Amino acid sequence: MFRTLGSGLAAGCLLLLSAAAGSASPPGTRIVVGYTEQGYAGAAGLERDIDAEVIGRITPLRADVLRLSGVEPGVVLALLRADPRVRYAELDGVVRALRVPNDEFVPTQWSIRKTSAEQAWDLSIGSSQIVVGLLDTGVDTGQPDLRGKLVEGYDYVNNDQDPSDDNGHGTAVAGIVGASSDNGIGVAGYCWACRLMPVKVLGADGTGFMSGLAQGILWATDHGARVVNLSLGGPEEDLTLTAATQYAWLHGVLVVAAAGNESSPLIDYPAALPNVLSVSASDQNDRLYAFSNSGARVAAPGENSTTGLGSSYVSFLGTSSAAPVVSGVAGLAFSLAPGATPAQVEQAIETSAVPIPGVATGRVDAYGTLRTLVPRQGSHGATSTGGTPRSTKFVAGRVRRGRSASVVFTTGSGSLQATVKARARNRAIRLRLLRAGRVVASARGAGGARIRAGVAAGRYRLVVSTTSRKRFSFALTISYPAASP
C-alpha cells in the first residue's frame, strides 16, 4: 500500500491475479486459445466455427484472445481442448489490485541503507543503455523525478501508445526502480541512470486481463527491456503467462515478480513460475512483514518512499514495493556487466543475499550483488570469477515417477552449482550429479533442490527425478567451470 506523504489518504496496493470464473466479467466471455504450430495456420476457420470474435493475437506464442457471445464457455473450452490443433484453451483471467492498510509515515529511505545501495553506487549508478520494463498501471510522465527517464511504452488496456497512469501504483513502482537521483528533489531510485519502459496492463481500477499481461511481457522483451518488473501476483497458474515469461527468459530478460500479500507460505503466480525471480517483503529488522507471502527466492525492503502522481511523493508498502527494489538492483547489475545473462544476474542476487528466515536465500544486498559481478567478463553464458571462465546452462522439462530427465555437459575443474525448481511447489524432486555412472552429489526437496560440488575436468550428467505420480514441469540452472578449448 502507499499513501500521499503528509496527506494521510491511503491510495496504494499489491496486485492480485485471479481466475475469471466466479468473478464479475465484462460483457462477453473472453478466452485464450494456444494452438499447435500446424494448427495456428488454420485458427481462423476454427474460430469461425465456434462463432468467436478475435480481439487479440499473441503471435509469438501462437495464441489468440477470443470473445464469446451468448455461448456457454465451458462447452466451448471442452470442444477446443479436444481438438488436436489446440495446445490449450482457458478463460482469460482478470488482474486486479489489492490494498494493504498502512497508517505509518516513513520520512527516510531506510531500504537504501539496509541493502547497501550507497556502497553499490560507488561501483555503478546504472546505464542509460539498460531499460527496465514496468508492467503496471502506467507511469505519470509529468512526475518531476521521472522526467527524462522514460522510453516508449504501450497501453494494453486501451490498445494505444499512451501508457499514462490513472491509478498511481505504476508511478510508485517506477520511482523505486529509477527515480532521478542526486538532483536535489524527491527520492533516489536504485538505478540512477537506467531508463524506464511503462507498459500499461492495468486500468484505473487496478484490473486488467492476463492476456494483456502476457502481451506486455512480449512487447517489453521485443523492445529492448533487460529487466521486467511485475508488482502483481495471484493464486492461479496461467499457461499463456507461463509461455510469455519463458519467452522473456530465453530472449535474455530477467523477470522479477512480487510474492503476494496473503500471509501465505505459498507464493503467487507469476512469481512461482520457474523463469521468474520471486520477491517477499522484509522490514527494517530483516523479518518478513506479517502480510507477506513466504517461500520466495529472495526478500527486499517492502516499505519505500517513492514517486506519486503529479509532483507528490508517497510511502509505498507491500510486496509490490519490494519487487522493484530487486528490479533496480538487477538494472545496476546489467549496467555493470552488460554481457551477463539473466541466470548470472539472478545467481549474483541470490548468492550475495543476507540470510533471513522465510525465503530461500535471503534479503537482497545491492553492493554484494555488484561485488559478485565485478570480476566477471564476457558474454553468451561464459563468465569468469578470479580468472576462471564459467558457463551457465538453463534446461526446462517435465518429469514424473518412474521417469527422469537428464542433461550431459563437459566441465573444467572447479566448483559446480545446480539448482532445480518444480513449477508445482509441493512436488518431491531429486537432483543427482553423476560421472561415469557414479553419483558424485545429490540433493532432494519439496519444490526444488540445489547441489554445490567440486568437480574435476570431464563429462558429467545431471539427473532430475521425482516420486510424484503426477507429471510436472521443472527448470534447471547449472553454473560450472568452462572446459578448456
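Quick caveat, the model's predicted, so the values are computed rather than measured.

**Student:** So what exactly am I meant to see when it comes to the sheet that holds strand β4 (residues 53-58) here?
**Tutor:** Across a sheet, paired strands are connected by hydrogen bonds in the backbone, their directions being either parallel or antiparallel. If you trace the four strands from one edge of the open sheet to the other, you get β4-β5-β3-β6, paired in antiparallel fashion. What marks the edges here is a single partner per strand, and that holds for β4 and β6 (86-91). Across the sheet, the mean angle from the axis of one strand to that of its neighbour is 20 degrees, orientation sign disregarded. Helix α2 (residues 73-82) contacts β3 (29-35), β5 (63-68) and β6 of the sheet and is inclined by roughly 165 degrees relative to β6. Its contacts with the sheet place helix α7 (residues 239-250) against β3, β4 and β6, and it is angled at close to 120 degrees to β6.

**Student:** Would you mind showing me how to read helix α6 (residues 210-222) here?
**Tutor:** Helix length check: α6 (13 residues) gives 18 Å between terminal C-alpha atoms against 18 Å at 1.5 Å per residue, within 8%. By the criterion of burial, α6 is predominantly enclosed, with twelve of the 13 residues buried. Inspection of α6 places Met210, Ser211, Gly212, Leu213, Ala214, Gln215, Gly216, Ile217, Leu218, Trp219, Ala220 and Thr221 among the buried residues, and these make up the whole buried set. Phi turns positive, to about 100 degrees, at glycine 224, one or two residues after α6.

**Student:** Is there a simple way to explain the pattern of salt bridges in this structure?
**Tutor:** Pairs can form between side chains of opposite charge whenever their charged atoms are close. In total, this model carries eight salt bridges according to the counting rule given. Note that arginine 57 and aspartate 64 form a salt bridge whose closest N and O atoms lie 2.7 Å from each other. When the shortest N-O distance is used, the salt bridge between arginine 85 and aspartate 83 registers 2.8 Å. For arginine 85, a relative accessible area of 34% corresponds to the partly exposed category.

**Student:** Looking at this structure, how should I read the environment of serine 335?
**Tutor:** Within the secondary structure layout, serine 335 lies in helix α8 (residues 319-336). Along the chain, serine 335 and cysteine 194 lie 141 residues apart, while their C-alpha atoms are 8.1 Å from each other. Those residues in contact with serine 335 that sit more than four places away from it in its chain are Ser124, Gly126, Ser127, Ile130, Cys191 and Cys194. There is a polar contact of 2.9 Å between the side chain of serine 335 and the backbone nitrogen of serine 127.

**Student:** Explain the pairing of strand β24 (residues 428-435) to me, please; I cannot follow it from the model alone.
**Tutor:** Along any regular strand, the residues point their side chains to alternate faces of the sheet. Where β24 lies against strand β25 (residues 438-446), eight bridges are found, and the strand directions are antiparallel. Directly across from leucine 431, in β25, lies its bridge partner alanine 443. Connecting β24 to the next strand, β25, in antiparallel fashion are two residues, including alanine 436 with a positive phi near 55 degrees. Sheet topology places β24 next to strand β27 (residues 458-465); five bridges connect them, and they run antiparallel. Paired with leucine 433 across the strands is leucine 462, a residue of β27.

Analysis parameters
Residues numbered from 1 in each chain as written. Predicted model: local features only at pLDDT ≥ 70, side-chain atom pairs only at ≥ 80, totals over all residues. Heavy atoms only, no water. Pairing = 2+ DSSP bridges. Helix = DSSP H or I, 4+ residues; strand = E, 2+ residues; numbered from the N terminus. Axes fitted to C-alpha atoms, helices over the stretch in contact; angles between N-to-C directions. Contact = heavy atoms within 4.5 Å. Expected span 1.5 Å × (residues − 1). Buried < 20%, exposed > 50% of the residue type's maximum accessible area, 1.4 Å probe, protein only. Salt bridge = Lys/Arg side-chain N within 4 Å of Asp/Glu carboxyl O. Polar contact = N/O pair within 3.5 Å; in protein donor to acceptor, adjacent residues only side chain to side chain.

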